[in-house]
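# A look at the structure
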Amino acid sequence: MNIDYIKTILFLLAAVFPVLLILRSSSNNYRKFLSKILLVHLVLLFIVTFKLHHLLRSLFNIPNTITYILGAIPFIILFTKHRAELKTKEFLLFITSIFLLATAVIIDLLSDGKLLIIPDNDNIEEIFRIAGAFIWLLFNFLLYSRLKKI
């Protein structure tokens, strides 16, 4: 099984939980929050799974740094505007997932710029991405478990 499928499956599974909550009538108070989570899912799928940063670099000569910075905006919005809506465990999972995904991005940027030479750096990046995707799945499940009761 290709390692890219693992990330895609994890992110798609994680996206099911906010969709289910949006479909519930009792989650009206959290629609904006859940919509932003789905936007983050979309960004994750495009950048991590479909490798948007490589496509933009090859087609339009847009540096990976720009793509990653633009991709970080939904995370920043979600973190700053909705941090108070997260319980401690959810917040820790959110931050851990972001940390793991950001570590993969940093390794990618440093190795692409030849600032850091790591043997087998693509595999190391993938390990961090899969770990980040798995924690992101746990975050979404924990959030779903709490909000479905509301």
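Residues numbered from 1 in each chain as written. Predicted model: local features only at pLDDT ≥ 70, side-chain atom pairs only at ≥ 80, totals over all residues. Heavy atoms only, no water.

## Topic: the packing of aromatic side chains
Going by this rule: When the centres of two rings from Phe, Tyr and Trp lie within 6.5 Å, Trp using its six-membered ring, the rings pair. Their planes under 30 degrees apart give stacked, over 60 give edge-to-face, and anything left gives tilted. Strands here are runs of E lasting at least two residues and helices are runs of H or I lasting at least four, both read from the DSSP assignment and numbered beginning at the N terminus. Exposure categories follow from relative accessible area, calculated using a 1.4 Å probe and restricted to protein chains: below 20% of the type maximum is buried, above 50% is exposed, and the middle band is partly exposed.
One pass over the full model with this rule turns up nine aromatic pairs. On the numbers, 5.4 Å between centres and 70° between planes, the contact of Phe-17 with Phe-141 is edge-to-face. Of this pair, Phe-17 sits in helix α1 (residues 3–23) while Phe-141 is found in helix α6 (residues 121–147), placing the two residues 124 residues apart along the sequence. For Phe-141, a relative accessible area of 44% corresponds to the partly exposed category. Ring centres of Phe-94 and Trp-136 lie 5.8 Å apart, and the angle between their planes is 45°; on these two criteria the pair is classed as tilted. With a gap of 42 residues between them, Phe-94 in helix α5 (residues 88–112) and Trp-136 in helix α6 connect regions that are remote in the sequence. Classification of Phe-94 as buried rests on a relative accessible area of 2%. Site record: aromatic cluster; members linked through ring pairs are Phe-75, Phe-79, Phe-91, Phe-94, Trp-136 and Phe-139.

## Some details on the packing of helix α2 (residues 31–49) against helix α4 (residues 64–82)
Helix packing for two helices is described by the angle between their axes and how far apart those axes are. Worth spelling out the cut-off: Axis geometry follows a simple rule: fit a line to the C-alpha atoms, using only the stretch in contact for helices, then measure angles between N-to-C directions, giving values from 0 to 180 degrees. Between 65 and 115 degrees an angle is taken as roughly perpendicular, under 35 as roughly parallel, over 145 as roughly antiparallel, and anywhere else as oblique. Put simply, a crossing is left-handed when the front helix is turned counterclockwise from the back one by less than a right angle, and right-handed when it is turned clockwise. The contact definition used throughout considers only heavy atoms, calling two residues in contact when any of these lie within 4.5 Å.
Interaxial distance between α2 and α4 falls to 10 Å at its minimum, and their mutual angle equals 160°. With respect to their mutual orientation, α2 and α4 come out roughly antiparallel. The chirality of how α2 crosses α4 is left-handed. Residues Lys-32, Phe-33, Lys-36, Ile-37, Leu-39, Val-40, Val-43, Leu-44 and Ile-47 of α2 pack against Thr-67, Tyr-68, Gly-71, Pro-74, Phe-75, Ile-77, Leu-78 and His-82 of α4.

## What about the side chain of Lys-7?
Looking at the element boundaries, Lys-7 is found in helix α1. The exposure class of Lys-7 is buried, given its relative accessible area of 0%.

## Comments concerning the environment of Leu-12
Considering the arrangement of structural elements, one finds Leu-12 in helix α1. On the basis of relative accessible area, Leu-12 is assigned to the partly exposed category, the value being 44%. Considering only alpha carbons, one finds Leu-12 and Ala-133, 121 residues apart in sequence, at a separation of 9.7 Å.

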